[in-house]
4 protein chains.
Amino acid sequence: MNGYELIAKVAEESREEMVARRRDYHKYAESGWFEMRTSSLIARELTNLGYEVLMGEDVCNPEDRMGVPDEKELEESYERAVAQGADPEFVVRTRGGKTGVIGILRCGEGPTVAMRFDIDALGVYESDEADHKPMAEGFASVNYGTMHACGHDGHATIGLGVAKALMAVKDQLHGTVRLIFQPGEEGVRGAKGIVMKGHLDNVDYFLSGHISKHQADDPGVFVANSYGALATCKYDAVYHGFAAHAGGSPNSGKNAMLSACTAVLNLQAIPRHGGGATRINVGRLIAGSGRNVICDEAKLELEVRGATAELNDYMCQHAERILKAAAAMHDCTVDIKLMGSAIPLKSDAELAERVRKVAEEKMGLVHDKRDTFKSSGSEDCSYMMQRVQEQGGQAIFMRLMTTMAAGGHNRRYDFGEKVLVDGVKIYAGATLDLMSE
Amino acid sequence: MNGYELIAKVAEESREEMVARRRDYHKYAESGWFEMRTSSLIARELTNLGYEVLMGEDVCNPEDRMGVPDEKELEESYERAVAQGADPEFVVRTRGGKTGVIGILRCGEGPTVAMRFDIDALGVYESDEADHKPMAEGFASVNYGTMHACGHDGHATIGLGVAKALMAVKDQLHGTVRLIFQPGEEGVRGAKGIVMKGHLDNVDYFLSGHISKHQADDPGVFVANSYGALATCKYDAVYHGFAAHAGGSPNSGKNAMLSACTAVLNLQAIPRHGGGATRINVGRLIAGSGRNVICDEAKLELEVRGATAELNDYMCQHAERILKAAAAMHDCTVDIKLMGSAIPLKSDAELAERVRKVAEEKMGLVHDKRDTFKSSGSEDCSYMMQRVQEQGGQAIFMRLMTTMAAGGHNRRYDFGEKVLVDGVKIYAGATLDLMSE
Amino acid sequence: MNGYELIAKVAEESREEMVARRRDYHKYAESGWFEMRTSSLIARELTNLGYEVLMGEDVCNPEDRMGVPDEKELEESYERAVAQGADPEFVVRTRGGKTGVIGILRCGEGPTVAMRFDIDALGVYESDEADHKPMAEGFASVNYGTMHACGHDGHATIGLGVAKALMAVKDQLHGTVRLIFQPGEEGVRGAKGIVMKGHLDNVDYFLSGHISKHQADDPGVFVANSYGALATCKYDAVYHGFAAHAGGSPNSGKNAMLSACTAVLNLQAIPRHGGGATRINVGRLIAGSGRNVICDEAKLELEVRGATAELNDYMCQHAERILKAAAAMHDCTVDIKLMGSAIPLKSDAELAERVRKVAEEKMGLVHDKRDTFKSSGSEDCSYMMQRVQEQGGQAIFMRLMTTMAAGGHNRRYDFGEKVLVDGVKIYAGATLDLMSE
Amino acid sequence: MNGYELIAKVAEESREEMVARRRDYHKYAESGWFEMRTSSLIARELTNLGYEVLMGEDVCNPEDRMGVPDEKELEESYERAVAQGADPEFVVRTRGGKTGVIGILRCGEGPTVAMRFDIDALGVYESDEADHKPMAEGFASVNYGTMHACGHDGHATIGLGVAKALMAVKDQLHGTVRLIFQPGEEGVRGAKGIVMKGHLDNVDYFLSGHISKHQADDPGVFVANSYGALATCKYDAVYHGFAAHAGGSPNSGKNAMLSACTAVLNLQAIPRHGGGATRINVGRLIAGSGRNVICDEAKLELEVRGATAELNDYMCQHAERILKAAAAMHDCTVDIKLMGSAIPLKSDAELAERVRKVAEEKMGLVHDKRDTFKSSGSEDCSYMMQRVQEQGGQAIFMRLMTTMAAGGHNRRYDFGEKVLVDGVKIYAGATLDLMSE
């Protein structure tokens, strides 16, 4: 039995273990920077398998995290994690939202292969309908308002399956494996800090991907080469003014709502760009305390996007200037906070071709009829890929195809669990190939 | 002992009873259209005293109420009222927010004298500091977030004291007494409906007033002639658009936030009026569901004011047109709802003078050094006064001066309870004078 | 014949001379900073009468003038003045818009009495209808688009009549006379600079006024005490951006029109003031060069007003901040230029009463039935009065009543010339009284 | 000598005549709907050559013209045309802006070949620098502010050269030739009306093109297949309000400037479209009469664009709605007028290939190294091409390459006149080929 066959065997034999693990993660869903229970269990498993494990500030400097919830919420989440069965030994290192885990396997000289698996859930209320499978089979989220509606429970599970399979072929590997379990992908908040910590430096090959809905009448289980997605920045802007009685002395106030509203309108007036698509949206605006009080605080939640990193930068620069000018306009101040960011995905065709070939020829998997897959939305894995590519390495973002009960971010989302086994075969098979030399 | 002396005696002897009643109302504070416990207790007392009592739809047609909370809140409030000791016999008539009570005393031929006492609390979180007297003496509000921070607990108590005192001099009265206990004065929501029901028709004399802070070094306990206050209209405007993904197809959305923001800015551009002061304020704006979703709903809470009813009408007409045009601007729709309104106060000097004289000469009370008192803010008692004056009657709005721990609407508000006795003397003394003929 | 009788005689005998002079000024109307021909003729007359004469930079430092036209226009205007009969000796000192004249008469010890006569015309196209008297009698403006439609031709004429009358009673005067012929009153541009030059320092009494329409059935020919008029500031704001092709690369542009438009809207949102009336108006907006070019220049002409100098300052501060923030909003720059300003008029009642008495008792003139006259509009004479009053002097602004063919600023404006004689009597009579001591 | 050789000979021999004609048109440049002199001379030449000639309302119904200047300007232009040597016989038919000429040559059975040559100049001030060739050689525009800065003088000249050449090979032609000399291409105002008149119905082949700058080191003199250009609509929107004194009674006004400014801002907020590029620009805004007057009229000149006709329609619908809502916002009215429109160019590859082959093989001309040429800007020839293509015909838009002194629309624009001869060869050669069958 060669290495590829061994990997396949491990993957197949892990099927039940993986399904159970995925359902456990699903039931105790944790959203960005709250993945404390999840991180502790991943760290324990990696440790048990024999991986060198990084946690807490070794994964990401706290100040490089974006869109971190407030202290009180983090502490409540920590208590919940402990109560819901977090591993006591490891969970302490996640306190304060220092989530995420990296497992390292050193196998002497050879290339470094890094993989990214994201682990966070979403702020979605899971369906409680009887025919929603997680409900029917008892693994629907018990954390009300938090749900794995984007398959990251599957991604984390595949990552641990890969860890196990690679350990089984350890002797045939040359070089270093880095398995990155990333927090806070939703809202594109977590990847950049891990890049800043240096974990994507000196990487020769980088593999990542996302569970996606398969095409009808297409037996394909993966697309090796995925690209696209708009670059984006997410901001919160809070305007501070001064309250006053609207009848008696409106002149004593500083109207934060006027600043916010003129910002909303003028942001739309960022010129369309001759070089490609751009986007701007203020999705939420909360302002004021009472009808007869000059509004003294207004909060905007907004995002910009661009077809390229440059177009997104263009939007960011204009948006930040406009947000500030709108404050000055009505004698208010504004706090602008970057809550997340991503750049477009760009897979290396050569690596994609190589991974495809291994999966088809060595692992016996069928490729989707489409050669490439254009992503919509945004994915902060893009920062990891960019760093690898800048330094001469190759990177791909793949699509792992399976059945799906409903679209991503939907409260009835659920995916066919067969993808867990396929996923392990693809990642681990590719890694074996890349590290055989 | 003449009638005036008898009134004074009853007032003095009721001091403790009134203090206890005021503190009970304070403890179980109920805001506009929720005054169910309060109404039931007022109705019971009036009935016990021998008054003819009107409640529910006999006080105000439900559809003439403005700014009524939703059904669910009304029902919860009803349950709370029952749990907190509402009178079971009377409280049923208030279910659904049909609050307010009118007590009538018929004494044969003679003028009709109406009085208005408002009974609702505010949406204020009462201070829990140990030196806040209601806290120290155990009558701070147990209804979290609701507080009698404007003295209406005192007004209601004075009203019942007047009812008792007048009953004591019933034989000397000629004509009809109408004691109106009005709900929903805060937000100027309740008076107009009572006027529309006809309770201010055929009134010869109308007395009303408000507890106010006395001046340092001024022994005066009342001002008979108060005027002013701006006319006002309060609106809620809800914009409805259509949600869409802000990255994928912003063009499929209809952006309710853009309608709301352009409304906010353009409302400010209603021309200043050459004929006098006007005001416009959007005090609250809540819009949108998520950062990356085109906003499909936005709610504005706004108000306009004018130095006269005409100036206020001018503002209303412009505001309504602008609110609608802002909807059309971004292909949205808007629901505009009038949530409250008031006109300026105008006291009749002749009646004020007569009441002053009675209070000074017959009741032995000292008038404030100021002949008149200019009110700020808005007061919907103005509608009652206007109706009386239109039909040839006379009306006044008085100020009852006392010590005060903090300003109106402040969480540390509290007033010197001596005003309860003074108040009964003024109202009841004046009524005796007016009905002696 | 006493001094008052002598003044009356001179005034009556000057009637034809004054009518001719007024019509000459009317025919060769010159607007603000263009009053070169007019200034030269005034200077010649004052010189001939024996006055000490100040012109050019002795009247006002060039940099203290507001709203000065550009060099080219000033030069064209100078050439026109010369061609239309300016006095060659004096006109040279007005070149470059250094208009205005001051005549001084020193009569030993005694109070200083200053008078202000404004001399500029308006940018109005005079009626060419046959029944418009200046047309019918051949003195309609030959300077197309410039017209004395506010009576300053009369003011200047009265000023010279006063100069002549006072010279006739010189022996009876004690103190100093200052006759100020002010340029650029329209647009409130000229007074402040003359004040800054010190010409209103150490003035004991200050007289000024305006020709106004008499009341039907009121034989009165003057009101000694006029007050009111809003404080105001006039601004020009020019936004500079960067042009770009609107189809090809709108992103390369900086859109000055967007800055201008957001300024216009946000200026309206300066909070109404609890302390009194305020005004804001952008009266003109000129922006852009072509339909398909991103606008690179936009000019606003605006004004603010306030019932008091403080309210006007409040508006100025807000307006200037908003104008600048609007530039920053779209990455443009803005040049803001103060084009004129005035404060409210406030006449001293004591001086008004004294002047009234002299006019009635010594000059035989009938006072208007109104004791005081409230002015609307703005008048920069207010700055002169303020300086005098600050230093302990007294100042009045009078109304000289006469018939009027149409309202001020109308193209059919014309006034009954009898006011010229009355005006001389009032000013000169009052001066004699003030300087007799 | 075959037909192609004959055409080449006629073209070469017409060189001087064409240069002279082009320079004459250049010198007496006429912009859109003013091309009266030009039209008269074209009509005379076509008549002399033996063409059937259509003018005036036979070319386009007056009401189908877009962006027509006002009557007064049209009349002044007519007088100028007459004064500058228009042909008296033909110019009368252009009076009132009914410009444009169609020449028809009927040669029995066979296909209909239509060609379009645009004839209008631009509102550009031609350079008067000595080294600007038209200046140096005496043919710079004598119509100040109007200049052939886009080569339409060359297009018109080529059209007449084609007319002459085709007449020389008339015996070899089968079918019908339609030579369309179109007015008002600048601002995309003239083509649509000609299409509406039916002149593009039943056309089998349609040829058109534009003089363009050749590439350095590319000997090619033409590109047969040009495409692209954004769809566009041009609008004028005039807001009507009501004037009032900004100090005295701003409330009596209806502020057209506020409507205009809120329109400008909200137009920018038309959502970016997920389906492709869109553009919006308000290029000019003229509003108001005086600083202290509430603005009663404001004019916007704007345009929208889209990568496809559908995207442009999307922009038009939103823009029109917003323009109207902005009027309603401030109680004003608005007149919206479509001033021009175009759709994207789409050349038929088959026809382009055929034309290229004839030009290369029969006329000996070298094709540009680029197979296709992407146009920017907008071109209303697109409407003609669309009509031909809808009815089953084929259409191309070509590029005629030559040297250029400066870019299009620049005041130093000038082109190498060799293109006149090449142009005749290409058009006439292609026509002979298409009509030889």
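Parameters and conventions
- Residues numbered from 1 in each chain as written.
- Chains lettered and ligands numbered in written order.
- Predicted model: local features only at pLDDT ≥ 70, side-chain atom pairs only at ≥ 80, totals over all residues.
- Helix = DSSP H or I, 4+ residues; strand = E, 2+ residues; numbered from the N terminus.
- Rg over C-alpha atoms; globule rule 2.2 N^0.38 Å.
- Buried ≥ 20, exposed ≤ 12 C-beta atoms within 10 Å, placed from the backbone.
- pLDDT = per-residue confidence, 0-100.
- Contact = placed C-beta atoms within 7 Å.
- Nonpolar A, V, L, I, M, F, W, Y, C, P; charged D, E, K, R; others polar.
- Pairing = 2+ DSSP bridges.
- Least-squares fit on C-alpha atoms with pLDDT ≥ 70 in both.
- Axes fitted to C-alpha atoms, helices over the stretch in contact; angles between N-to-C directions.
- Expected span 1.5 Å × (residues − 1).
- Parallel < 35°, antiparallel > 145°, perpendicular 65-115°, else oblique.
- Domains from an automatic or database assignment.

### Description of the overall build of chain A
The helix and strand inventory of chain A stands at 13 helices and 13 strands. Relative to the compact-globule value of 22 Å for 437 residues, chain A shows a C-alpha radius of gyration of 23 Å, a close match. Taken across its 437 residues, chain A has 59% of its residues classed as buried.

### A word on the confidence of the model for chain A
In the predicted model, chain A carries a mean pLDDT of 95, and the fraction of residues at 70 or more is 100%. Reported for the predicted complex are a pTM of 0.86 and an ipTM of 0.82.

### Section: unusual backbone geometry
For residues besides glycine, phi is generally negative; the peptide bonds are generally trans as well. One non-glycine residue, Asp331(B), adopts positive backbone phi at about 65°. Here Asp331(B) lies in the loop between α10 (309–329) and β11 (333–342). The backbone of Trp33(D) sits at a positive phi, close to 70°, despite the residue not being glycine. One can find Trp33(D) in the loop between α2 (15–27) and α3 (36–49). The class for Trp33(D) is buried, based on 26 C-beta atoms found within 10 Å.

### Some thoughts on the interface of chain A and chain B
Counting from both sides, the interface comprises 33 residues of chain A and, opposite them, 34 residues of chain B. Among the elements of the structure, α9 (256–268), β9 (278–287) and β10 (297–306) of chain A are those that each provide at least two residues to the side of chain A that touches chain B. Per-element accounting of the side of chain A that touches chain B gives the leading share, 8 residues, to β9(A). For the side of chain A that touches chain B, the per-class residue count stands at 16 nonpolar, 10 polar and 7 charged. Bridging between β9(A) and strand β9 (residues 278–287) of chain B involves 3 bridges; their strand directions are antiparallel. Bridge pairing in β9(B) places Ala287(A) opposite Leu285(B).

### Topic: the relation of the copies chain A and chain B
By a simple turn and slide, chain A fits onto chain B: the slide is 0.3 Å along the axis, the RMSD is 0.2 Å, and the turn is 179°. The relationship between the two copies is best expressed as a two-fold rotation axis. Taken together, the interface assignments show that 100% of the residues at the interface of chain A recur at the interface of chain B, consistent with an identical surface on both copies.

### So, the sheet that holds strand β1 (residues 52–55) of chain D
All names here are of chain D. The sheet built from 7 strands is open, its strands ordered β1-β2-β4-β3-β5-β13-β6 with mixed pairing. Bordering the open sheet on either side are β1 and β6 (222–223), each of which pairs with just one other strand. As paired elements, strand β5 (residues 205–213) and strand β13 (residues 394–402) share 9 bridges and run parallel to each other. Paired with Phe 206 across the two strands is Ala 395, which belongs to β13. Relative to the sheet, helix α7 (residues 152–168) contacts β2 (101–107), β3 (112–118), β4 (175–182) and β5, its axis offset from that of β3 by approximately 150°. Contacts between helix α13 (residues 418–435) and the sheet are confined to β2, β3, β4, β5, β6 and β13, with β13 contributing the most and set at about 155° to the helix.

### A closer look at the interface of chain D and chain B
Taken together, the contact between chain D and chain B spans 22 residues of the former and 22 residues of the latter. Contributing elements (two or more residues each) for the side of chain D that touches chain B: α9 (256–268) and α10 (309–329) of chain D. Considering each element in turn, the side of chain D that touches chain B owes the most residues, 7 residues, to α10(D).

### Some thoughts on α7(D)
Taking 1.5 Å of rise per residue, 17 residues should cover 24 Å, and α7(D) covers 24 Å from first to last C-alpha, within 8% of that figure. Taking burial as the measure, the 17 residues of α7(D) include 15 buried ones, the bulk of the element.

### So, the environment of Asp218(D)
Position of Asp218(D) among the secondary structure elements: in the loop between β5 and β6. Look at Asp218(D) and you get partly exposed, because 13 C-beta atoms sit within 10 Å.

### Quick look at the packing of helix α3 (residues 36–49) of chain C against helix α7 (residues 152–168) of chain C
Residue and element names in this part refer to chain C. Following both chains from N to C, one finds α3 and α7 inclined at 10°, their axes separated by 10 Å at the closest point. Looking at the two axes, α3 sits roughly parallel to α7. Listed contacts from α7 to Thr 38, Ile 42, Glu 45, Leu 46 and Leu 49 of α3 are Ala 156, Leu 160, Ala 163, Lys 164 and Met 167.

### Details of the sheet that holds strand β8 (residues 231–240) of chain B
Consider a sheet: its strands pair through backbone hydrogen bonds, and that pairing is either parallel or antiparallel. Read from one edge of the open sheet, 8 strands run β11(A)-β8(A)-β10(A)-β9(A)-β9(B)-β10(B)-β8(B)-β11(B), paired in antiparallel fashion. Sheet topology places β11 (333–342) of chain A together with β11 of chain B at the edges, where each strand pairs with a single neighbour. The sheet shows a mean angle of 25° between the axes of neighbouring strands, direction not considered. One ladder, built from 9 bridges, connects strand β8 (residues 231–240) of chain A with β11(A); its direction is antiparallel. Across the sheet, the residue bridging to Val238(A) is Asp335(A), located in β11(A).

### Considerations on the domain arrangement of chain A
All names here are of chain A. Structurally, chain A comprises domain 1 (3–229 + 344–434) and domain 2 (231–341). One C-alpha centre belongs to domain 1, the other to domain 2; they are set 35 Å apart. Counting residues at the interface gives 8 residues for domain 1, matched by 9 residues for domain 2. Among the residues making up the side of domain 1 that touches domain 2, the classes are represented as 3 nonpolar, 3 polar and 2 charged.

### So, the environment of Asp368(D)
Residues and elements named next belong to chain D. Summarising the element assignment, Asp 368 is placed in the loop between α11 (349–362) and β12 (372–375). As for Asp 368 and Arg 399, which are separated by 31 residues in sequence, their C-alpha atoms are 9.2 Å apart. Residues contacting Asp 368, with those up to four places away along its chain left out, are Gln 215, Asp 218, Gly 220, Phe 222, Val 223 and Met 401.

### Let's talk about the pairing of strand β5 (residues 205–213) of chain C
Residue and element names in this part refer to chain C. The element β5 is extensively covered by neighbouring structure, given that 8 of its 9 residues are classed as buried. As judged from the 3 bridges shared by strand β3 (residues 112–118) and β5, these two strands associate in the parallel manner. Its bridge partner lying in β5, Met 115 is registered against Leu 207.

### Description of the packing of helix α10 (residues 309–329) of chain A against helix α10 (residues 309–329) of chain C
Contact geometry for α10(A) and α10(C): axes closest at 8 Å, N-to-C directions at 175°. Judged on the interaxial angle alone, α10(C) and α10(A) are roughly antiparallel. For the pair α10(A) and α10(C), contact is made by Arg321(A), Ile322(A), Ala325(A), Ala326(A), Ala328(A) and Met329(A) and by Arg321(C), Ile322(C), Ala325(C), Ala326(C), Ala328(C) and Met329(C), respectively. Broken down by class, the residue content of the contact of α10(A) with α10(C) amounts to 10 nonpolar, no polar and 2 charged.

### What about the environment of Val304(A)?
All names here are of chain A. Structurally, Val 304 is set in strand β10. With 14 residues separating them along the chain, Val 304 and His 318 place their C-alpha atoms 10.0 Å apart. Other than its neighbours up to four places away in sequence, Val 304 contacts Thr 232, Cys 233, Arg 279, Ile 280, Asn 312, Met 315, Cys 316 and Ala 319.

### Some details on α9(D)
When the terminal C-alpha atoms of α9(D) are compared, their 19 Å separation across 13 residues agrees well with the 18 Å that a helix rising 1.5 Å per residue should span. The buried fraction of α9(D) is high, at 13 of 13 residues.

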